[in-house]
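# Tertiary structure, described
As a plain string of letters, each chain reads:
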Amino acid sequence: MPLVPIKEFKTPRLAAAAQVSGLGVSPAPVGGLNYRDPINEMPPTDAMVLDNFIPRRTGVSLRKGWQYHTSAIAADIESLFSYNGATPATNKLFAASNGAIYDVTTGTPSVSQASTGSTEDIWITTQFSNSAGTYLLAVSPGAGYWTYDGTSWTQQTITNLPANPTSVAVWKNRVWFTVDNDSSVYYLGSVDAITGSATEFVMGPLLRNGGFVRAIINWTLDAGVGVDDYLVVIGSEGDVGVWQGTDPTSAATFGLKGVWYIGPVPKYGRFFTSYGGDVMVLSALGIVPISRLVNGQFVEGALGVADKIETQLTELVGDLKDEKSWDILLVPDTNILLIKPPPENNIYTQYAMSVSTGAWCTFSNMPMACTAVLAGQFYFGTDNKTVAKGFYGESDSVSTAGTGGSAVQGEMQTAFSPFGSPGQLKKFNMVRPIFIASQSPSYKAQINTQYTFTGVYGSPPFIEGTVAEWDVSKWDLAAWSQAANTYQSWSGVTGLGYYGALKMRVKGVGGSTTFSSYHVLSEIGGVM
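Below or above, wherever it landed, is the structure these notes cover.

What counts and how
Residues numbered from 1 in each chain as written. Predicted model: local features only at pLDDT ≥ 70, side-chain atom pairs only at ≥ 80, totals over all residues. Heavy atoms only, no water. Pairing = 2+ DSSP bridges. Helix = DSSP H or I, 4+ residues; strand = E, 2+ residues; numbered from the N terminus. Axes fitted to C-alpha atoms, helices over the stretch in contact; angles between N-to-C directions. 1 Å grid on protein atoms, 1.4 Å probe; cavity = no way out; pocket = protein on both sides within 12 Å on 5 of 7 lines; lining within 4 Å. Points joined across faces, edges and corners; volume = space filled by probe spheres on them. Salt bridge = Lys/Arg side-chain N within 4 Å of Asp/Glu carboxyl O. Buried < 20%, exposed > 50% of the residue type's maximum accessible area, 1.4 Å probe, protein only. Phe/Tyr/Trp six-rings, centres within 6.5 Å; stacked < 30°, edge-to-face > 60°. Lys NZ or Arg CZ within 6 Å of the ring centre and 35° of its normal. Polar contact = N/O pair within 3.5 Å; in protein donor to acceptor, adjacent residues only side chain to side chain. Contact = heavy atoms within 4.5 Å. Arc of directions from axis to C-beta.

## Quick look at the sheet that holds strand 16 (residues 174-179)
- On the basis of which strands lie adjacent, the open sheet formed by four strands has the order 15-16-17-18 and antiparallel pairing. Both edges of this open sheet fall to strand 15 (165-171) and strand 18 (198-202), since each of them pairs with a single strand only. Between one strand axis and the next, the sheet turns by 30° as a mean value, whatever way the strands run.
- Pairing geometry for strand 17 (residues 184-188) and strand 18, over five bridges, is antiparallel. Across the sheet, residue S184 finds its bridge partner in strand 18, namely V202.

## Some remarks on the layout of surface pockets
- Of the volumes computed, that of the largest pocket is approximately 1,000 Å³.
- For the largest pocket, the lining is made up of 37 residues, of which T125, T126, R270, F272 and T273 are closest to its centre.
- For the lining of the largest pocket, the elements supplying multiple residues, two or more each, are strand 7 (79-83), strand 11 (124-130), strand 15, strand 19 (213-222), strand 23 (269-270), strand 24 (272-275), strand 27 (326-331) and strand 31 (370-374).
- The element best represented in the lining of the largest pocket is strand 19, accounting for five residues.

## A look at the pattern of salt bridges
- Evaluation of the coordinates by the stated rule reveals eleven salt bridges.
- In this structure, D76 and K385 form a salt bridge, with 3.8 Å as the shortest nitrogen-oxygen distance. Here D76, found in the loop between strand 6 (66-68) and strand 7, pairs with K385, found in the loop between strand 32 (377-381) and strand 33 (387-390); they are 309 residues apart in sequence, far enough to count as distant.
- Residue D76 is classed as partly exposed on the basis of its relative accessible area of 41%.
- The partner of K92 in a salt bridge is D103, and the shortest N-O contact between them spans 3.1 Å. Placement of K92 in strand 8 (residues 92-97) and of D103 in strand 9 (residues 100-103) is noted, with a sequence separation of eleven residues between them.
- Owing to a relative accessible area of 13%, D103 belongs among the buried residues under this scheme.
- Overlapping salt bridges, with partners in common, bring together R36, D37 and D307 in one network.

## Brief notes about the environment of V398
- For V398, the location among the structural elements is in the loop between strand 34 (395-396) and strand 35 (406-414).
- Given a relative accessible area of 9%, V398 falls into the buried group.
- As a C-alpha pair, V398 and R63 span 335 residues in sequence and 15 Å in three-dimensional space.

## A word on the pairing of strand 36 (residues 426-437)
- Among the twelve residues of strand 36, nine are classified as buried, and the element is accordingly described as predominantly covered.
- Of the pairings in the sheet, the one linking strand 36 to strand 40 (residues 496-497) comprises two bridges and is antiparallel in character. The residue bridging K426 from the neighbouring strand is G497, located in strand 40.
- By the bridge criterion, eleven bridges tie strand 36 to strand 42 (residues 513-524) in an arrangement that is antiparallel. By the bridge assignment, V431 is partnered in strand 42 with V520.

## Details of the packing of aromatic side chains
- For the structure on display, the rule yields 30 aromatic pairs.
- Between F271 and F272, the aromatic rings sit 5.4 Å apart at their centres with planes inclined by 85°, giving edge-to-face as the arrangement. F272 carries the same exposure label as F271, and that label is buried.
- Seen in terms of ring centroids, F419 and Y518 are 6.5 Å apart; in terms of plane orientation they differ by 85°. Their pairing is edge-to-face. With F419 in the loop between strand 35 and strand 36 and Y518 in strand 42, this residue pair connects regions lying 99 residues apart in the sequence. Y518 matches F419 in its accessibility class, with the two residues each being buried.
- What links up through ring pairs into an aromatic cluster is the set W66, Y68, F363, F378, F380 and F391.
- The cationic tip of K389 hangs over the ring face of Y392; the distance from NZ or CZ to the ring centre is 4.6 Å.

## Some points on the side chain of E411
- Along the chain, E411 turns up in strand 35.
- At a separation of 3.5 Å, a polar atom in the side chain of E411 contacts the side chain of K503.
- Side-chain polar atoms of E411 contact the side chain of R505, separated by 3.4 Å.
- Dropping the residues within four chain positions of it, E411 is found in contact with V49, L50, D51, F53, K503, M504 and R505.

## Examining the pairing of strand 1 (residues 21-27)
- Here strand 1 shows a clear split, with G22, G24 and S26 buried on one side and none of S21, L23, V25 and P27 buried on the other.
- Relative to strand 42, strand 1 runs antiparallel, the two sharing seven bridges. Bridging from a neighbouring strand, P27 pairs with S517 of strand 42.

## Considerations on the sheet that holds strand 12 (residues 133-140)
- Pairing is antiparallel in the open sheet, where four strands are placed in the order 11-12-13-14. Each having just a single partner strand, strand 11 and strand 14 (153-156) make up the two edges of the open sheet. The average angle at which neighbouring strand axes cross in this sheet is 30°, direction not considered.
- Sheet topology places strand 13 (residues 144-148) next to strand 14; four bridges connect them, and they run antiparallel. For Y148, the partnering residue across the bridge sits in strand 14 and is W153.

## Looking at the environment of G255
- By the secondary structure assignment, G255 is in strand 22 (residues 254-261).
- Expressed as a C-alpha distance, the spacing of G255 and V242, which sit 13 residues apart in the sequence, is 8.8 Å.
- Once you skip the residues sitting within four places of it in the chain, G255 turns out to touch V242, W243 and Q244.

## Considerations on helix 2 (residues 310-320)
- Of all the residues in helix 2, the buried ones are L313, L316, V317 and L320. Projection of helix 2 onto a plane perpendicular to its axis shows the buried side chains occupying an angular sector of 95°, all on one side.
- Residues of helix 2 that are buried in the fold lie against strand 25 (278-283), strand 26 (286-289), strand 27, strand 28 (336-340) and strand 29 (350-354).

Shown next, in the form of structure tokens:
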């Protein structure tokens, strides 16, 4: 069949329009806060702002809320501590205020012990059990040494123990004390005793940088020859001595393993916590794991537990180490390691590390004056003389009756990204965050360009929906839904630059809202 020439079109053909927009995809900042790396070298999984979002493996989750647990006490609550009894029915939660100890286990506070003599209401406690029962041992400057047996408080008189003990600990079934502005420690002569006569043990030679003994810690370690308990002594100026043995009355059975330096430690509160088989100590050098310190692995330049936020932590400790009061503790139900500094300019901010990822975030809108954990539930003393349940429920500031409150609000700014074309100018037009949540969250988003940190204007509106309850809601009338759904929607943004970062405020159901990733739509231009 012969080929026939194609006839020319009588009207000119229009060429298809060239694609001018490109789609960029970025993950959620599961790497957490990063104050360590230069902005232009930060991994895309890190963030420069991550508030009220906990980094998890699959995304960043909006923290749970908090609810008032008690009515107000007459004066500020400076300490909160718990007694875990032999049975859950005997568990108690106590608050220290205005020289008295209050029972705040239930919603109505009651005086458990009046006129303790405490001058600052800063109490350090530890649990101890022997054949006679389970006790809470508690000390406070001005008040001395008290014990609680599950029923009542008793002020103990210890022979040879100076006034103003500041901390109490148990090591090898002996009770040990530190005393305010004293370079010695004191231990009870009898094993398994909670009272009796104290013996002084001089620690002055190991305090090479001066100061006084701030704390005694029991550190359980398997050093290759079986599990053993070491006695860790920390000086106020940062000297750390580790002792090994059994009986402090004999040099043959008790000896110094070594002395190290970690920088000054906070004056008030508990600045250390057990963490697995280690002890984490908060100091002017950041968070120091005792195991790495003793093994020579904690050196300048080495990556530590809090290396990404270390610059911020060290600055905080330097500025606020003499303020009331610090806490560092594990919160098992939320799977975080929490650092509670004193408020700065009446603003309460906490730092939290996800145990599952090791990534950090901050918490706000939780006015924590002091903290405690009872039966797995986290509690904190508020700035308005009440006690609250923390990381509880879906909203913040809920009343004791379970009404009212406000939606949990999170904020983030991700790392700056070139979205695949670092050498090309981009005009950012739209962004699409992707959430996995029990209810559609509300958000306000923008793209900050060229390493700027402009804040999001206003707060997104959010009204929590009514959830259908089994055996309560009516069939054919109630709206039933899955435990979690995926929510995504495009939002218009503006911005011109080579690099962009998502700045976003989110309101949603606390504990049930996870941000997993986001898409960015931009028009890609040239180099100039």
